[in-house]
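Results of the structural survey
If you want the building blocks of each chain, they are given just below.
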Amino acid sequence: MNTLHIGLVGLGTVGASVWKNLRTQEELLARRCGKLIRIERVAEKNRERARLVGVPESQIVDDWRMLACDPSLDVVIELIGGTEIAADVIWESLSHGKDVVTANKALLAERGQELAAFAAERGKRLLFEASVAGGIPLLLALREGLIANEILSLHGIINGTCNYLLSAMASRGIAYQEALREAKELGYAEADETLDVAGHDSAHKAVILSALAYGFWPPLSEVHTEGIQKIDPLDLHFAQELGYTLKLLAILRSHPKSREIEVRVHPTLLRKGHLLSSVNGVFNAIAVRGDIVGETLFYGRGAGGDPTSSAVLSDLASLARGPLPIPDIPSPAERESRFSLRPMAKILSRYYVRFLVEDRPGVLAEIARVFATRKISISSVIQPEGHRGETVPLIVLLHRSRESDVQEACRIIETLPAVKKPAILLRVEDLDGEDERSS
Ligand SMILES: NC(=O)C1=CN([C@@H]2O[C@H](COP(=O)(O)OP(=O)(O)OC[C@H]3O[C@@H](n4cnc5c(N)ncnc54)[C@H](O)[C@@H]3O)[C@@H](O)[C@H]2O)C=CC1
Ligand SMILES: N[C@@H](CC=O)C(=O)O
Ligand code: NA
């Protein structure tokens, strides 16, 4: 039987699972792809780690260059992470005529367009199913399953670590640091966990999703990104009370009339009862709305060695089966010029705003007046009972309004003598009426 010869660079959480699972699934994959898929050589700078994983000594090298330029290899898998050496690994491997598989969303978000163009120029393939939503075959669905649709919107819980943390804090009541320690131990977090909790990892994935859904690579530095580090348990509590669950969401929405794409990442209140609100732990879920299919939902484990390795193996199987009759990414040159990134100030959303105010008559009326002068309408208010003269939280839910108006109103409200701290502002998504929003 023909063999696809693989070089694997990086044998950490994901790499070790790829090594293990490719061995257990070798026969099944050969049957389904008509080719043996075999890892011939592994480059891992920590030799001891490679030995512990069970890689025979004769197959381990320290220097990835030996794989990139090995003429006997067809494919190089990059699983070291980071954006510098990893870029060299991919670049060199493509230059030496190899197809490349990677899970490196940080690198793809920064340089994906350039790397994909280079691969295409060389007649090689760059595949990265594992880079978004771990084991969920989401990129495949966007590329093939939904090919007949214009993608109207996409709402995704696409960081397993953050979802694990938020779920653990809300359901088990454990502290943020303790939940983070658990997520690290389970192999979910990035080597630098700030990438997860500050929302950057979700932003990386959102950029990749935009490339797949629209052929548009938004500049990473311009994607509005907020993380979960500053989430106050108080807001988890009030969100619950108001009938919402707090999730870190990536939101993409197309606005064909203005040729703009909305791409943003921030903690978001979702009405309890929407399927995304009950996605917990390391699970990811992505609601994709297409113009003819309507709403679709993809669910599965978004991080961890085994689920992520399932996506890497699917890319290898795709290479073993031969090239697709359609490009892996919609032709950027043609579509890129059609879109720009919608500025955050222009987005429309519902909002949850928490103020800390003096508990005295007239305060609510003063705040409501500021919103009213900007034509921002309040949908509900809660204020736990306090003692006169003391400070109390005041939570205001707003109907759909423009981001810049809400921000401006909050800045003015913060100057009122009765308001004691900067406002906490969270966006609320209902996910109903999505069709009209994409205009
Ligand atoms: N852990 C997860 O759940 C997921 C990770 N990813 C991505 O997969 C990639 C790998 O992630 P993990 O396996 O979690 O990382 P890891 O930190 O567990 O593993 C990286 C491995 O690469 C090795 N390495 C680093 N530099 C090297 C070099 N120059 N030459 C040879 N070996 C080198 C390290 O010694 C380590 O064993 C990253 O890009 C990450 O963002 C993607 C989806 C899920
Ligand atoms: N750190 C990431 C790993 C998968 O992409 C996450 O937690 O989702
Ligand atoms: Na995936």
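Presented here is a report on the structure given in the accompanying data block. (Residues numbered from 1 in each chain as written. Chains lettered and ligands numbered in written order. Predicted model: local features only at pLDDT ≥ 70, side-chain atom pairs only at ≥ 80, totals over all residues. Heavy atoms only, no water.)

**Digging into the overall build of the protein chain**
- Regarding its fold elements, the protein chain presents 17 helices and 17 strands.
- Since a compact globule built from 439 residues should have a radius of gyration of about 22 Å, the 24 Å found for the protein chain is in line with a globular shape.
- Referenced to the eigenvectors of the C-alpha coordinate spread, the extents of the protein chain come out at roughly 80 × 45 × 35 Å.
- Relative to its full complement of 439 residues, the protein chain shows a buried share of 56%.
- Excluding contacts between residues fewer than 6 apart, the proportion of contacts in the protein chain whose partners are at least 24 apart in sequence is 73%.
- Summing over all exposed atoms, the protein chain offers an accessible surface of approximately 18,500 Å²; the carbon and sulfur share of this is 51%.
- Computing the positive centroid from 52 side-chain charges and the negative centroid from 58, the protein chain places the two 2 Å apart. (Helix = DSSP H or I, 4+ residues; strand = E, 2+ residues; numbered from the N terminus. Rg over C-alpha atoms; globule rule 2.2 N^0.38 Å. Buried < 20%, exposed > 50% of the residue type's maximum accessible area, 1.4 Å probe, protein only. Contact = heavy atoms within 4.5 Å. Areas by Shrake-Rupley, 256 points an atom, 1.4 Å probe, with all protein chains shown as cover. Lys, Arg positive; Asp, Glu negative; His and termini not counted. Charge placed at Lys NZ, Arg CZ, Asp CG, Glu CD.)

**Overview of the pattern of salt bridges**
- Enumeration according to the criterion identifies 32 salt bridges in this entry.
- Across the salt bridge formed by Lys20 and Asp306, the nearest N and O atoms sit 3.0 Å from each other. Of this pair, Lys20 sits in helix 1 (residues 13-24) while Asp306 sits in helix 13 (residues 305-321), and the two are 286 residues apart along the sequence.
- The residue Asp201 makes a salt bridge to Lys105 at a minimum N-O spacing of 3.1 Å. You can see Asp201 sitting in helix 11 (residues 200-214) and its partner Lys105 sitting in helix 6 (residues 105-121), a full 96 residues away along the chain.
- One connected set of salt bridges, linked through shared partners, spans Arg47, Glu48, Arg51, Glu57 and Asp62. (Salt bridge = Lys/Arg side-chain N within 4 Å of Asp/Glu carboxyl O.)

**As for the coordination of the sodium ion (ligand 3)**
- In the first shell of the sodium ion (ligand 3), the protein supplies Glu129 (O), Glu129 (OE), Val132 (O), Gly134 (O) and Ile136 (O), at 2.4 to 2.7 Å from the metal.
- Owing to a relative accessible area of 4%, Ile136 belongs among the buried residues under this scheme. (Donors = N, O, S within 2.8 Å, 3.2 Å for Na, K, Ca; no water.)

**Section: the site of ligand 2**
- By nearness alone, every residue bordering ligand 2 is listed as Lys105, Asn159, Gly160, Thr161, Tyr188, Ala189, Glu190, Asp196, Asp201, Lys205, Gly302 and Ala303.
- A distance of 2.7 Å is found between an oxygen atom of ligand 2 and a backbone nitrogen or oxygen belonging to Gly160.
- One of the side-chain nitrogen or oxygen atoms of Lys205 is found 2.7 Å away from an oxygen atom of ligand 2.
- For the shell around ligand 2, the secondary structure elements donating two or more residues are helix 8 (160-172) and helix 11. (Near = heavy atom within 4 Å. Polar contact = N/O pair within 3.5 Å; in protein donor to acceptor, adjacent residues only side chain to side chain.)

**Re the packing of helix 5 (residues 85-95) against helix 6**
- Packing of helix 5 against helix 6 leaves a shortest axis separation of 11 Å and a crossing angle of 10°. One element, helix 5, and the other, helix 6, form an angle in the roughly parallel class. Each of Ala86, Ala87, Ile90, Trp91, Leu94 and Ser95 in helix 5 lies in contact with helix 6, whose residues at this interface are Leu107, Arg111, Glu114, Leu115, Phe118 and Ala119.
- Looking at the contact of helix 5 with helix 6 residue by residue, the class counts come to 9 nonpolar, 1 polar and 2 charged. (Axes fitted to C-alpha atoms, helices over the stretch in contact; angles between N-to-C directions. Parallel < 35°, antiparallel > 145°, perpendicular 65-115°, else oblique. Nonpolar A, V, L, I, M, F, W, Y, C, P; charged D, E, K, R; others polar.)

**A look at the pairing of strand 12 (residues 294-301)**
- Relative to strand 12, strand 11 (residues 283-290) is paired through 8 bridges, and the arrangement is antiparallel. By the bridge assignment for strand 12, Ala285 is matched with Tyr299.
- Between strand 11 and strand 12, which pair antiparallel and follow one another directly, the connecting turn spans 3 residues. (Pairing = 2+ DSSP bridges.)

**Describing the sheet that holds strand 2 (residues 36-43)**
- Taken in spatial order, the 6 strands of this open sheet run 3-2-1-4-5-6, and their pairing is parallel. With one partner strand each, in any of the chains shown, strand 3 (60-61) and strand 6 (126-127) form the two edges of the open sheet.
- As judged from the 2 bridges shared by strand 5 (residues 99-102) and strand 6, these two strands associate in the parallel manner. Looking at the pairing, Val101 lines up with Leu127 of strand 6.
- This element, helix 5, spans strand 1 (3-9), strand 4 (75-78), strand 5 and strand 6 of the sheet and lies at about 170° to strand 4.

**Focus: the site of ligand 1**
- Taken together, 22 residues lie near ligand 1, and Thr13, Val14, Glu44, Glu190 and Gly304 sit nearest.
- One of the side-chain nitrogen or oxygen atoms of Glu44 is found 2.5 Å away from an oxygen atom of ligand 1.
- In the complex, 85% of the free accessible area of ligand 1, which totals 830 Å², lies under the protein chains.

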